[in-house]
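Analysis of the macromolecular model
One letter stands for each residue in the lines below.
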Amino acid sequence: SHKSSAQIRQDFLDFFKEKEHLPVPSAPVAPKDDPTLLFTNAGMNQFKPIFLGEQSGYKKEGETWKRVVDSQRCIRVSGKHNDLEEVGHDTYHHTLFEMLGNWSFGDYFKREAIRWAWELLVDVWGLEADRLYATVFEGDEEDGLPVDEESIELWKEETDINPDHILKFDKTDNFWEMGETGPCGPCSEVHIDLRPEKERAKKPGAELVNMDDPKVMEIWNLVFIQFNRQPDGTLEKLPAQHVDTGMGFERICAVLQGKRSNYDTDLFEPLLTKIGELANVQYGDDGQADIAMRVIADHIRAVSFSIADGVSPGNEGRGFVVRRILRRAIRYGWDRLNLKEPFFHKLVPVLSKQFADVFPVLDQQKAYVKNVVRSEEQSFLNTLGQGIELFEDITEEKDFVTGEEAFKLHDTYGFPIDLTKLMARERGVEVDEEGFEERMQEQKKRARASGKFNVDQSSQKDWITVTDTDEFIFTGYDELTSEARIK
Ligand code: ATP
Ligand code: MG
Ligand code: MG
Ligand code: MG
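Residues numbered from 1 in each chain as written. Chains lettered and ligands numbered in written order. Predicted model: local features only at pLDDT ≥ 70, side-chain atom pairs only at ≥ 80, totals over all residues.

**Focus: the site of ligand 1**
- Residues in contact with ligand 1 amount to 17 residues; listed here are only the nearest, Asp83, Phe97, Asn221, Gly246 and Gly248.
- Looking at the shell around ligand 1, the elements with two or more residues in it are β7 (96–104), β12 (216–229), β13 (235–248) and α6 (249–256).
- In terms of residues, the shell around ligand 1 owes the most to one element, β12, which gives four residues.
- A breakdown of the residues in the shell around ligand 1 according to their chemical character gives seven nonpolar, five polar and five charged. (Near = placed C-beta within 6 Å. Helix = DSSP H or I, 4+ residues; strand = E, 2+ residues; numbered from the N terminus. Nonpolar A, V, L, I, M, F, W, Y, C, P; charged D, E, K, R; others polar.)

**What about the domain arrangement of the chain?**
- On domain assignment, one finds that the chain holds domain 1 (5–262) and domain 2 (268–471).
- Each of domain 1 and domain 2 has a C-alpha centre, and these two points are 31 Å apart.
- Taken together, the elements giving at least two residues each to the side of domain 1 that touches domain 2 come down to β4 (67–75) and β5 (77–78).
- When the residues that make up the side of domain 1 that touches domain 2 are grouped by side-chain class, the tally is ten nonpolar, ten polar and two charged. (Domains from an automatic or database assignment.)

**Concerning the nonpolar core**
- Within the largest apolar cluster, 112 residues are counted, with the highest numbers of intra-cluster contacts made by Ala117, Ile296, Ala297, Ile300 and Ala329.
- Element by element, the count of residues in this core is highest for helix α8 (residues 287–308), at twelve residues.
- Each of domain 1 (5–262) and domain 2 (268–471) contributes no fewer than three residues to this core.
- Those residues in contact with Ile300, other than ones at most four positions away along the chain, are Leu271, Ala329, Phe344, Leu347 and Leu351.
- Formed by 16 residues, the second largest nonpolar core is a distinct cluster that contains Val401, Ala406, Phe415 and Met440. (Core = buried A, V, L, I, M, F, W, Y, C linked by C-beta atoms within 7 Å. Buried ≥ 20, exposed ≤ 12 C-beta atoms within 10 Å, placed from the backbone. Contact = placed C-beta atoms within 7 Å.)

**Examining helix α7 (residues 269–279)**
- Within α7, burial applies to Leu271, Leu272 and Ile275. Buried residues of α7, viewed axially, fall in a sector of 95°; they line one side.
- Taken together, the buried residues of α7 touch α8 and α10 (348–354).
- At the C-terminal side of α7, Asn280 shows a positive phi close to 60°. (Arc of directions from axis to C-beta.)

Next comes the structure, spelled out in structure tokens:
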């Protein structure tokens, strides 16, 4: 008698509604007015002007709200937050996921955020207190920030957490930043130890648990937004203090439904069933096929919602990210599930039905989205088989792919360089990426000389035009096939 995912989402919204939060809709996955961000990577993105003090709160029908609650669809395949290499290999990182959040815009702060998080998890949802851990920020010299003693005290005062379960971590984990610049602050996270009783140690403190254990999962991040990171790296104090929380919806569903993997929840079950039907396989029967099925089930969500939110597959920027994700899914289907005809678009109706009441934007455009996916996969399937043959010829007798060959795979067969690299890795061969880049540049020059407008199909540089930061490198596909990493 586990709760459905729909009920769990509703529980979250209702819990905070009772605490005077206004339920608000998710923003699209592609931020319309923020060229510094490729995709919405957290719930806080749409509220950036409020955190920066440009707006006093959330405006609705002439009223200003200081507390809101929502479920934001997020995509993390690029920039500071890039989880692509984990997707399908572990069981709890997705390209697109829902982030449940409660928000205080200059209203309540750490005390209420901590108290309510505990109340929902333990009192309402009945999670075992003994399995929960809270992490706090240990401070940072470079930024001149001290240990977050306040949060440590509040966890002790406001909850009945085992004090040994309050752990300090550095800024990589406990200082949340949206990107290179912008609103940020120390955070306090809730992790859950899902190891069987007999595996759980009885030593105190950090010894109790290894946070890198795949059965120890982060579920909720409570961010205390106090600063604005400047382009020169310094922190500027914001005029007000805000609360920004993000809970991984698919993860909490897995926990509350007693599943070991997000893919075993009712969120992914309909997709995996449909993929199984299309490929005539059963999820769980074969490790290699299972990875492909998880990747496909995951990727259709990112691809469909991107298109519904106005980002169609294309040659540059956001569109190229979508194209790469789609082609990656198609290749997995071809290679591991023997799916040689268009199949990906057939998942769109399954997904749109599932999300009709949650994110209606997909259901409203399902025919359009399905068509875009179908024509995109059809065009890739026209060359995929031949491209794979060429790749096999290339790697038959030598253990590397030259820049020229990678360019041909790209230019003639539509293989993004990441796909070539992924296949090379599977086969244990190298790719001359520099040589490839040179040829891309030459092509660009030729096109310019001939007066044609040319878009670079695979240079990572193009993506910078929408991310606006030199830090941005799309490396996500590189390690996708290290199957050894399955947890
Ligand atoms: P992780 O350490 O697991 O990568 P994170 O610290 O990067 O997570 P946050 O930025 O703190 O994540 O985001 C808030 C919450 O969103 C996390 O606590 C987690 O539950 C969830 N989350 C983050 N990334 C993903 C993802 N790729 N897929 C599903 N859920 C995610
Ligand atoms: Mg992460
Ligand atoms: Mg984390
Ligand atoms: Mg986190």
